[in-house]
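Structure assessment
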Amino acid sequence: MAQRVAVNEAAGSKRTARVRVAVRLRPYMDKQDEKGEGPCVRGLGPQTLEIVNWRNATETLQYQFDVFHGEQTTQQEVFLSSVKSIIPHILNGQNASVFAYGPTGAGKTHTMLGSQEQPGVIPRAVREVFQLVRTQVKDQDEWEFSVGMSYLEIYNEKVLDLLSPSSQDLPIREDKDKNIIIPGLTHTPLSSFSDFHTHFVPASLNRTTASTKLNQRSSRSHAILLIKVVKCQRAPPHRQQTGKLYLVDLAGSEDNRRTGNQGIRLKESGAINLSLFTLSKVVDCLNTGTGGRVPYRDSKLTRLLQDSLGGSAHSVMITNIAPEYKYYFDTFTALNFAAKSKQIINRPFVRETVVAPTNAAGKRSRDEQDAGGSGE
Ligand code: ADP
Ligand code: MG
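Residues numbered from 1 in each chain as written. Chains lettered and ligands numbered in written order. Predicted model: local features only at pLDDT ≥ 70, side-chain atom pairs only at ≥ 80, totals over all residues. Heavy atoms only, no water.

**Thoughts on the environment of Gly310**
Tracing the backbone shows Gly310 in the loop between α7 (300-304) and β15 (314-321). Between the alpha carbons of Gly310 and Tyr246 there is a distance of 13 Å; along the sequence they are 64 residues apart. (Helix = DSSP H or I, 4+ residues; strand = E, 2+ residues; numbered from the N terminus.)

**Here we look at the site of ligand 1**
Residues in close proximity to ligand 1 include Arg24, Arg26, Pro27, Met29, Pro103, Thr104, Gly105, Ala106, Gly107, Lys108, Thr109 and His110, which together make up its full environment. With respect to ligand 1, the backbone of Gly107 contributes an N or O atom lying 3.0 Å from an oxygen atom. The backbone of His110 places a nitrogen or oxygen atom 2.7 Å from an oxygen atom of ligand 1. Bound to the protein, ligand 1 loses 68% of the 550 Å² it would expose on its own. Per element, the largest residue contribution to the shell around ligand 1 is 3 residues, and it comes from helix α2 (residues 108-112). Tallied by class, residues from the shell around ligand 1 come to 4 nonpolar, 5 polar and 3 charged. (Near = heavy atom within 4 Å. Polar contact = N/O pair within 3.5 Å; in protein donor to acceptor, adjacent residues only side chain to side chain. Areas by Shrake-Rupley, 256 points an atom, 1.4 Å probe, with all protein chains shown as cover. Nonpolar A, V, L, I, M, F, W, Y, C, P; charged D, E, K, R; others polar.)

**Remarks on the side chain of Ser253**
You can see Ser253 is positioned in the loop between β14 (239-249) and α6 (274-288). Setting aside residues up to four positions removed in sequence, Ser253 forms contacts with Tyr101, Gly102, Pro103 and Leu276. (Contact = heavy atoms within 4.5 Å.)

**Focus: the packing of helix α1 (residues 75-82) against helix α3 (residues 121-139)**
Between α1 and α3, whose axes approach to 10 Å, the crossing angle comes to 55 degrees. Considering their axes alone, α1 and α3 lie oblique with respect to each other. As for how α1 packs across α3, the hand of that crossing is right-handed. Contacts between α1 and α3 involve Gln75, Gln76, Val78 and Phe79 from the former and Val121, Arg124, Ala125 and Glu128 from the latter. Along the lines of polarity and charge, the residues of the contact of α1 with α3 split into 4 nonpolar, 2 polar and 2 charged. (Axes fitted to C-alpha atoms, helices over the stretch in contact; angles between N-to-C directions. Parallel < 35°, antiparallel > 145°, perpendicular 65-115°, else oblique. Left-handed = near helix turned anticlockwise from the far one by under 90°.)

**Let's talk about the pattern of salt bridges**
Scanning the entire structure with this criterion turns up 10 salt bridges. Two residues, Glu324 and Arg26, come together in a salt bridge whose shortest N-O distance is 2.9 Å. Of this pair, Glu324 sits in the loop between β15 and α8 (328-338) while Arg26 sits in the loop between β2 (19-25) and β3 (41-43), and the two are 298 residues apart along the sequence. By relative accessible area, Arg26 is classed as buried at 8%. (Salt bridge = Lys/Arg side-chain N within 4 Å of Asp/Glu carboxyl O. Buried < 20%, exposed > 50% of the residue type's maximum accessible area, 1.4 Å probe, protein only.)

Remember that the coordinates give geometry; whether it matters functionally is a separate question.
And the structure:
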């Protein structure tokens, strides 16, 4: 009989529970900038960026993160530097999560899903899982692997199975080994990447179609892909380990109730989206290490991710931001959440990117390219 062994690397391990935070700035888009103001954010280095200080135009705010991905960063580079190294852990019975955070329009779906031409984190990670499994099976005989997927959505604090769209709100439970489980959730065994593709694509298309009908549902819901790797010993004592990888395209972090330029800070405004609000508290709690209770149980998303976020899990949050002024307050909020440190620098946001009033709006992007970061 197979003997279940709870693998808990946390015991005795010195690994911290920090969530690694990467920030990705998407390219500037003319059509997102109706007033022709140019970008208000730009990268400074591999960990830093600067943003206009709206309170004082003679200053910029500089932020530092674990990683900063500038607008030129490719999908491949994001995967290699922020995601690839966590995948092997799920073949060893550990859990991991990667989630894209940020306002609607800032590039979360591009980062996670991408397109046919520019595949994102999800297809790359799943490919990597199958590649690692193949290599392991070839190199040794001791373990047998099986890979499977579930795909769900949290919308209005309801857990919905995207592989079985007619299902109702599903419960989240914890088993005796403190694993989080969702009884009734569809689990589809996968034998290859193309198998994954076959099941995932129609389910994600379903979600997109539904979103246009249901008042931008996709920007208010969390899409959660779970890849599970079960590893079984072929010979007695038939040990078994399960590793889970959550790949999450979060709801938009924007405050939908904001009017005009009157910013309401997320923390003061009560929960617009309870799961997103609680996630920010959980990440804050894990990263500032202040001790005390991590509020996992306060929302569906954090309850679901409890065994895969913090603790012995490997977690990465990719905060997506957009450079146009119309995103300014949402960018500002997202950066304050993501930053390791923040500094006020006494100099105006550099002139090469903020165009003088005499310049014609249409010429801007070319002028900027010519200016090419020439400093002040
Ligand atoms: P979100 O999911 O956060 O609402 P999207 O991923 O849909 O945002 O991105 C908004 C638009 O910007 C899309 O047209 C997307 O293709 C484009 N986009 C986002 N990030 C990038 C990027 N890094 N490079 C090129 N285009 C991008
Ligand atoms: Mg999206």
